[in-house]
Amino acid sequence: MAAQKKQQEQADGSRTLFISDLHLDSKTPSVTATLLDFLKRKTDDCRGLYILGDLFEAWVGDDDTSELSDKVAAALSEVADSGTPVYLMHGNRDFLIGEDYARRCGAELLPDPTVIDCHGQRVALSHGDSLCTRDHAYMEFRAQVRDPQWQQHFLSKSLMERYMIAQQVREQSQESNSYKASDIMDVTPAEVVKLLESVKVNTLIHGHTHRPAVHTITLEKPINRSRSATRIVLGDWHQRGWVLEFTDDGYDLRNFPLIEV
Ligand code: LP5
Ligand code: MN
């Protein structure tokens, strides 16, 4: 009963938090330490914590248990147990996170895109990679690895084989990215408008591009009778931590230093 009351109070909390692109990896313990500290100290009085993809640098299947994934699951489920709902969206690095790991995190897996009511405002959420449609090589790769049959086949391989394939793809991806023009790896403006029009929403929050910013878009065709839309891009946690906080009074996209370990 007390837990239920706490959950109700928290669900009525005064703010909603969005993070993405932490790229957690055992090789970067300061990012993990910063997340664990953030979850402990910054998630009270919250209506929800949304993690919009690439929580992990690479995810080859829920059966790949590690000290890192255990620690993160325990910390997230503590947040959920304290009454703050935790939501996970897939990124291009961790699209193989399954219901099993989500359950261990006490989190709900969200489809991409998802529309939520955020402090009285309808807001669309996406990881952002699906909007990078000028990156034809990536779109082709994405279509392949998001195919359920391909995933089933990949997950049936041994862990060792999966690590090796993931490593190979990362190397190829890094190499091909070094030749790609910068705007190709950003979202396609027309694709953003198409998404906003299709869900009839004027605000989009996404990550993936690692270009944190707030963009105002002037629409040719109004959405909800407005010619203005907003695209909020979350930051990655390579150099600093990033969080977007929404309240009834507006929003704040800010960064903070990583904890040194
Ligand atoms: O991640 P980031 O930001 O560096 O680059 C992305 C796109 N790259 C990717 C690939 C990931 O980086 C690597 C994922 C590894 C973890 C997942 C493991 C589990 C599944 C294993 C998958 C087989 O997403 C990059 C974009 C960039 O964002 C900006 O949007 O440009 O896209 C690419 O680099 C794609 C290349 O252009 C083409 C990929 C070549 C891969 C060839 C695969 C051959 C082997 C296939 C085996 C089935
Ligand atoms: Mn990404």
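Draft legend 1. Focus on unusual backbone geometry. A cis geometry characterises the amide bond from Asp112 onward to Pro113, with omega recorded as 0°. Even without a glycine there, the phi angle at Asp21 is positive, about 55°. Considering the arrangement of structural elements, one finds Asp21 in the loop between β1 (15-19) and α2 (29-41). The backbone of His208 sits at a positive phi, close to 75°, despite the residue not being glycine. Among the structural elements, His208 can be located in the loop between β7 (203-206) and β8 (213-223). Assessed through its relative accessible area of 18%, His208 is described here as buried.

Draft legend 2. Fine view of the layout of surface pockets. Estimates place the volume of the largest pocket at around 1,000 Å³. Lining the largest pocket are 36 residues, with Asn92, Arg93, Phe141, Val169 and Ser173 sitting closest to its centre. Residue assignment for the lining of the largest pocket shows that the elements contributing at least two residues are α5 (136-145), α6 (148-155) and α7 (159-177). The class makeup of the residues in the lining of the largest pocket is 16 nonpolar, twelve polar and eight charged. When its volume is computed, the second largest pocket comes out at roughly 470 Å³. Asp25, Ser26, Ala58, Asp64 and Tyr163 are the residues nearest the centre of the second largest pocket, which is lined by 18 residues in total. Every element with two or more residues in the lining of the second largest pocket is listed here: α3 (67-81) and α7. At four residues, the largest contribution of residues to the lining of the second largest pocket is made by α7. A breakdown of the residues in the lining of the second largest pocket according to their chemical character gives eight nonpolar, five polar and five charged.

Draft legend 3. Just the coordination of the manganese ion (ligand 2), in detail. Taken together, the protein ligands of the manganese ion (ligand 2) are Asp54 (OD), Asn92 (OD1), His127 (NE2) and His208 (ND1), with distances of 2.0 to 2.3 Å. Each donor residue of the manganese ion (ligand 2) lies on the same chain, and together they follow the pattern D-x37-N-x34-H-x80-H. Taken together, the positions of Asp54 in the loop between β2 (46-52) and α3 and His127 in the loop between β6 (121-126) and α5 put the pair 73 residues apart, joining distant regions of the chain. Residue class for Asp54 comes out buried when judged on its relative accessible area of 1%.

Draft legend 4. Looking closely at the packing of aromatic side chains. With the rule as written, the count across this model stands at twelve aromatic pairs. Taking 5.5 Å as the distance between ring centres and 90° as the angle between the ring planes, the aromatic pair formed by Trp237 and Phe256 counts as edge-to-face. One end of the pair, Trp237, is in the loop between β9 (226-233) and β10 (240-247); the other, Phe256, is in strand β11 (residues 250-257), with 19 residues separating them in the sequence. Accessibility assignment for this pair places Trp237 and Phe256 in one class, buried. An aromatic cluster is built from Phe18, Tyr50, Tyr87, Phe246 and Tyr251, whose rings are joined through pairwise contacts.

Draft legend 5. Region of interest: the sheet that holds β11. In space, the six strands of this open sheet follow the order β4-β3-β2-β1-β10-β11, with mixed pairing throughout. With one partner strand each, in any of the chains shown, β4 (107-110) and β11 form the two edges of the open sheet. Sheet twist, expressed as the average angle between the axes of neighbouring strands with direction ignored, equals 25°. Of the pairings in the sheet, the one linking β1 to β2 comprises five bridges and is parallel in character. Opposite Leu17, over in β2, you have Leu49 as the bridge partner.

Draft legend 6. Looking closely at the nonpolar core. Within the largest apolar cluster, 54 residues are counted, with the highest numbers of intra-cluster contacts made by Phe18, Leu35, Phe38, Leu55, Leu125 and Ile205. Beyond its immediate stretch of four places on either side in the chain, Leu55 contacts Leu22, His23, Leu24, Leu35, Val72, Leu76, Leu88 and Asp94. Counting residues in each nonpolar core, the second largest holds 13 residues, with Ala124, Leu195, Ile217 and Ala229 among its members.

Parameters at a glance
Residues numbered from 1 in each chain as written. Chains lettered and ligands numbered in written order. Predicted model: local features only at pLDDT ≥ 70, side-chain atom pairs only at ≥ 80, totals over all residues. Heavy atoms only, no water. Helix = DSSP H or I, 4+ residues; strand = E, 2+ residues; numbered from the N terminus. Buried < 20%, exposed > 50% of the residue type's maximum accessible area, 1.4 Å probe, protein only. 1 Å grid on protein atoms, 1.4 Å probe; cavity = no way out; pocket = protein on both sides within 12 Å on 5 of 7 lines; lining within 4 Å. Points joined across faces, edges and corners; volume = space filled by probe spheres on them. Nonpolar A, V, L, I, M, F, W, Y, C, P; charged D, E, K, R; others polar. Donors = N, O, S within 2.8 Å, 3.2 Å for Na, K, Ca; no water. Phe/Tyr/Trp six-rings, centres within 6.5 Å; stacked < 30°, edge-to-face > 60°. Pairing = 2+ DSSP bridges. Axes fitted to C-alpha atoms, helices over the stretch in contact; angles between N-to-C directions. Core = buried A, V, L, I, M, F, W, Y, C linked by side-chain atoms within 4.5 Å. Contact = heavy atoms within 4.5 Å.

No statement about biological role is implied by the geometric values presented.
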